[in-house]
Amino acid sequence: MQKDRFFFINPELVYYMETVNLITEDAVAKVTISRPKALNAINSQVLDELSQIIGQIESDPNVRVVVITGDGDKSFVAGADIAEMSKLTPLEARNFLTRGQRLLDRIENLNAITVARVNGYALGGGLELALACDIRIASENALVGLPEVSLGLIPSFGGTQRLTRVVGSSVSKYLILLGKRLKASEALNYGILNEVVPIGELDSAVDKVIDTLLNMAPVALTAAKNAIYMASQTDMYSGQELEVNYASMCFSTDDLREGMNAFLEKRKAKFTGK
Ligand code: CAA
């Protein structure tokens, strides 16, 4: 299909841009970063277009799951675009990298649950993007790492912060300072990836995760996501206050009654999101 900017409405919303596209079907939005010649590296155009696509998702309350992936079966995202960055002045670099950080913050803070479908290289900004997602499902050919020091740079789409929150500072230093590129199985052992499957099974593994998420109570899902996020932002006491506030709020939902009644009646719950 020719890539241009247009919408199809019904049965799906399709939003094709030059480097990023979005297909929304029912409650699931699938975002694909597409610069195959550069292994889907993130340049300013990707940042602009991904930002618009995320805006579209933010304004659609029906979206409950977002899947982010890279075009093809070789690369998720091979990092920020090195050719473009090599020409930046420090001020331009600050602008580019801050835009990347803010965009990944928005992805991390979406109400919907985000799944990174890691279909190959997830290096530098690519791993940073995956780390901003809630769940990371990868194919066996994935290679992940934050190798920026080998370029004279440091991870700068939030990677020093997010990787450290996932694996702790000891492992984070080991991986970043040595510029390690991990095989999928190694990244799974570190907890950087959540599941690793053969490439041919990647879509069914992602579909399984989507189905499971769609069968959960939506308000509880977002509350759990937000409460977990606060674990890295606040102290234990404030975090627990927030947790109990979210939990109490769940008691105001029909879905909590339905979930508990379904358990007691030994049947499957049917959630409505209310
Ligand atoms: N930026 C720009 N172009 C990239 C790129 C990147 N991050 N990664 C790959 N490409 C381009 C290559 O330059 C090459 O283009 P040409 O065909 O025009 O030469 C094309 O994609 C294919 O790449 P390779 O020929 O290198 O493919 P390969 O299979 O031999 O190797 C790879 C794949 C291991 C991913 C290798 O390309 C690589 O190491 N890429 C760089 C990874 C990296 O260092 N990422 C971090 C970037 S910095 C960053 O992300 C900063 C930040 O924190 C925000």
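Residues numbered from 1 in each chain as written. Predicted model: local features only at pLDDT ≥ 70, side-chain atom pairs only at ≥ 80, totals over all residues. Heavy atoms only, no water.

(A) Spotlight on the packing of helix 8 (residues 218–231) against helix 9 (residues 236–250). Interaxial distance between helix 8 and helix 9 falls to 10 Å at its minimum, and their mutual angle equals 175 degrees. If you check the angle between helix 8 and helix 9, you find them roughly antiparallel. When helix 8 is examined against helix 9, the residues V219, A220, A223, N226, A227 and M230 are found in contact with a partner set consisting of L242, Y246, M249 and C250. A per-class count over the contact of helix 8 with helix 9 returns nine nonpolar, one polar and no charged. (Axes fitted to C-alpha atoms, helices over the stretch in contact; angles between N-to-C directions. Helix = DSSP H or I, 4+ residues; strand = E, 2+ residues; numbered from the N terminus. Parallel < 35°, antiparallel > 145°, perpendicular 65-115°, else oblique. Contact = heavy atoms within 4.5 Å. Nonpolar A, V, L, I, M, F, W, Y, C, P; charged D, E, K, R; others polar.)

(B) Region of the structure containing helix 9. Between its terminal C-alpha atoms helix 9 stretches 21 Å, which fits the 21 Å expected from 15 residues at 1.5 Å a residue. The opening residue of helix 9 is D235, an N-cap whose side-chain oxygen sits 3.2 Å from the backbone nitrogen of Y237. (Expected span 1.5 Å × (residues − 1). Polar contact = N/O pair within 3.5 Å; in protein donor to acceptor, adjacent residues only side chain to side chain.)

(C) Examining the sheet that holds strand 11 (residues 182–183) more closely. Across the sheet, which stays open at both edges, the four strands sit in the order 6-8-10-11 with mixed pairing between neighbours. If you trace the sheet from one side to the other, it starts and ends with strand 6 (75–77) and strand 11, each paired once. With two bridges connecting them, strand 10 (residues 143–145) and strand 11 associate as antiparallel partners. Bridge assignment links L143 to a residue of strand 11, and that residue is K183. (Pairing = 2+ DSSP bridges.)

(D) Structural context of the side chain of E49. With respect to the secondary-structure elements, E49 resides in helix 1 (residues 44–58). According to the relative accessible area criterion, E49 is buried, its value standing at 1%. There is a polar contact of 3.5 Å between the side chain of E49 and the backbone nitrogen of V20. (Buried < 20%, exposed > 50% of the residue type's maximum accessible area, 1.4 Å probe, protein only.)

(E) Quick look at unusual backbone geometry. Even without glycine at this site, D26 takes up a positive phi of about 55 degrees. Positionally, D26 belongs in the loop between strand 3 (20–25) and strand 4 (28–33). Positioned with a positive phi, L39 is a non-glycine residue whose angle comes to about 50 degrees. With respect to the element layout, L39 can be found in the loop between strand 4 and helix 1. Look at L39 and you get partly exposed, because its relative accessible area is 26%.

(F) Quick look at the nonpolar core. Among the nonpolar cores identified, the biggest contains 51 residues, and V31, I57, V66, F76, I107, V118 and I192 are the most heavily contacted of them. The leading source of residues in this core is helix 1, at six residues. Ranked by size, the runner-up nonpolar core spans 14 residues in total, among them V28, V65, I210 and L213. (Core = buried A, V, L, I, M, F, W, Y, C linked by side-chain atoms within 4.5 Å.)

(G) Examining the pairing of strand 7 (residues 113–118) more closely. Judged by how many residues are buried, strand 7 sits mostly within the fold: six of six residues are covered. Neither face of strand 7 is exposed, since I113, V115 and R117 on one face and T114, A116 and V118 on the opposite face are all buried. Here strand 5 (residues 65–70) pairs with strand 7 via five bridges, running parallel. Looking at the pairing, I68 lines up with A116 of strand 7. Sheet analysis places strand 7 next to strand 9 (residues 135–139), joined by four bridges and oriented parallel. The residue of strand 9 that forms the bridge with V115 is I135.

(H) Seen up close, the domain arrangement of the protein. Here the protein is described as being made up of domain 1 (5–214) and domain 2 (218–264). Each of domain 1 and domain 2 has a C-alpha centre, and the two are 27 Å apart. Each side of the interface is counted separately: domain 1 has 12 residues, and domain 2 has seven residues. When domain 1 packs against domain 2, the two sides together hide about 760 Å² of surface, and 52% of this comes from carbon and sulfur. Between domain 1 and domain 2 we count one salt bridge in total. Linking domain 1 to domain 2 there are five residue pairs in polar contact (both at pLDDT 80 or more). Secondary-structure elements contributing two or more residues to the side of domain 1 that touches domain 2 are helix 3 (90–108) and strand 7. Residues belonging to the side of domain 1 that touches domain 2 are distributed by class as follows: five nonpolar, three polar and four charged. (Domains from an automatic or database assignment. Buried area = accessible area lost by both parts, 1.4 Å probe. Salt bridge = Lys/Arg side-chain N within 4 Å of Asp/Glu carboxyl O.)

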